[in-house]
Amino acid sequence: MDLSLPTHRTAVVTGAGSPRGLGRAIARRYAREGWAVVVADLDTSAADSTAALIAEESEALVLAHQVDVTSVDSVEALRTAVVASELPPVGAVATVAGIADPTPFLEVTPELWERVFAVNSTGTFLTVRAFVPDMIEHGYGRVVTMSSVSAQQGGGVFSKTPYSAAKAAVLGFTRSIARELAPHGITCNAVSPGAADTDIRAGATDAEREAALSASIPLGRQATPEDIAALFVFLSSEDAAYITGTTQNINGGSYIA
Ligand SMILES: NC(=O)c1ccc[n+]([C@@H]2O[C@H](COP(=O)([O-])OP(=O)(O)OC[C@H]3O[C@@H](n4cnc5c(N)ncnc54)[C@H](O)[C@@H]3O)[C@@H](O)[C@H]2O)c1
């Protein structure tokens, strides 16, 4: 295996279990473009089924692993399993695991605040922290984090304050590590989607509300998981070597800045 090619490396994707989710589409896209893939998710059976799908549709080496990104021990166990596996060295980390929350500010409890930050912000930190030393050691590194337009425009899609604040923390985190890791040749960028057509709002929305959301977007539709996946994999490529510290807006024109 020629390790001078980034695509002969491993991409670690958290939150890659959800059947209609962004993480699964991202993991499948990495595999399609020649990466080995780690499919990590809180939901073991969902992670297993993403990995089975990838094994069915590509030649990629794939490892499914249960992880709770809020737990230091669980993320370290993920790293240990990846390093011990037959997969090539890690070359990209995509922190996709996240939870939404539409609670109005006046009803937000400290517990809810902590939970939303634990998954979206601390989970991003712990995952990146676990894999960056390996990327430095092996000489190729791409960190791609998941923010949201909610961080930039103050909610306005579905989730409210704790989510907007936690996703804004991801932007500050990504910009800061971009600066610190640049001397090691590692790029770090945040992807900031507008509404995407997944199950993240399932049970808390309805067809009418979703249609109104789509109609409010200048391009007239929500993002598909494939739209988002293409951006993650591009930001992980050699061609993206000079892009770092950016926030990549991908929102159909719903937020133009
Ligand atoms: N769908 C959207 O409209 C949208 C827009 C902007 C940003 N995002 C972000 O994109 C990411 C993926 O969203 P999605 O729409 O695919 O959601 P989803 O709910 O379909 O998938 C989220 C995945 O994260 C996993 N997860 C949750 N908590 C976890 C934990 N503690 N440890 C490990 N895995 C955990 C879930 O099991 C699930 O598989 C999230 O970070 C979300 O905030 C989504």
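Structure's up top.
Parameters at a glance
Residues numbered from 1 in each chain as written. Predicted model: local features only at pLDDT ≥ 70, side-chain atom pairs only at ≥ 80, totals over all residues. Heavy atoms only, no water. Helix = DSSP H or I, 4+ residues; strand = E, 2+ residues; numbered from the N terminus. Buried < 20%, exposed > 50% of the residue type's maximum accessible area, 1.4 Å probe, protein only. Phe/Tyr/Trp six-rings, centres within 6.5 Å; stacked < 30°, edge-to-face > 60°. Salt bridge = Lys/Arg side-chain N within 4 Å of Asp/Glu carboxyl O. Arc of directions from axis to C-beta. Core = buried A, V, L, I, M, F, W, Y, C linked by side-chain atoms within 4.5 Å. Expected span 1.5 Å × (residues − 1). Polar contact = N/O pair within 3.5 Å; in protein donor to acceptor, adjacent residues only side chain to side chain.

Quick look at the side chain of Ser150
Here is step 1 of the chain: Here Ser150 lies in helix H5 (residues 149–153).
Here is step 2 of the chain: Look at Ser150 and you get buried, because its relative accessible area is 2%.

Here we look at the packing of aromatic side chains
Here is step 1 of the chain: Inspection of the entire model under this criterion finds three aromatic pairs.
Here is step 2 of the chain: Between Tyr30 and Trp35 the ring centres are 5.4 Å apart and the planes differ by 70°, which places this aromatic pair in the edge-to-face class. For the pair Tyr30 and Trp35, one class covers both residues: buried.
Here is step 3 of the chain: Between the aromatic rings of Phe125 and Phe173, the centroid separation amounts to 6.4 Å while the plane-to-plane angle is 85°, which identifies the pairing as edge-to-face. Of this pair, Phe125 sits in helix H4 (residues 110–138) while Phe173 sits in helix H6 (residues 161–181), and the two are 48 residues apart along the sequence.
Here is step 4 of the chain: On the accessibility criterion, Phe125 (37% relative accessible area) is partly exposed.

Some details on the pattern of salt bridges
Opposite charge on two side chains permits pairing when their charged atoms draw close.
Here is step 1 of the chain: Within this structure, the stated rule accounts for nine salt bridges.
Here is step 2 of the chain: One salt bridge in this structure joins Glu210 and Arg201, with 2.9 Å as the shortest N-O distance.
Here is step 3 of the chain: The exposure class of Glu210 is buried, given its relative accessible area of 18%.
Here is step 4 of the chain: Since its relative accessible area comes to 6%, Arg201 is described here as buried.

With respect to helix H7 (residues 207–215)
Here is step 1 of the chain: Residues of H7 that are buried: Glu210, Leu213 and Ser214. Looking straight down H7, one finds its buried side chains confined to an arc of 100°; they lie on one side. The outward face of H7, more than 90 degrees from its buried face, is lined by the exposed residues Glu208 and Ala215.

Points about the nonpolar core
Here is step 1 of the chain: Membership of the largest hydrophobic core comes to 32 residues, with the highest contact counts inside it found for Val13, Ile26, Tyr30, Ile228 and Phe232.
Here is step 2 of the chain: Elements supplying a minimum of two residues to this core: strand E1 (10–14), helix H1 (22–32), strand E2 (36–41), helix H2 (44–57), strand E4 (90–95), strand E5 (141–146) and helix H8 (225–235).
Here is step 3 of the chain: Ala36, Val82, Val143 and Leu181 belong to the second-largest nonpolar core, a separate cluster that totals 27 residues.

Some points on H2
Here is step 1 of the chain: Here H2 contains 14 residues, and its C-alpha end-to-end distance of 20 Å stays within 8% of the 20 Å for a straight helix at 1.5 Å per residue.
Here is step 2 of the chain: Ala46, Ala47, Thr50, Ala51 and Ile54 are the residues of H2 that are buried. The buried residues of H2 occupy an angular sector of 135° when projected down its axis, which confines them to one face. Facing away from the buried side of H2, by more than 90 degrees, are the exposed residues Ser45 and Glu56.
Here is step 3 of the chain: A distance of 3.2 Å separates the backbone nitrogen of Ser45 from a side-chain oxygen at the start of H2, and that oxygen is part of Asp43.

Quick look at the environment of Leu219
Here is step 1 of the chain: Tracing the chain through its elements places Leu219 in the loop between H7 and H8.
Here is step 2 of the chain: In this structure, the C-alpha to C-alpha distance between Leu219 and Val13, residues 206 residues apart in sequence, is 28 Å.

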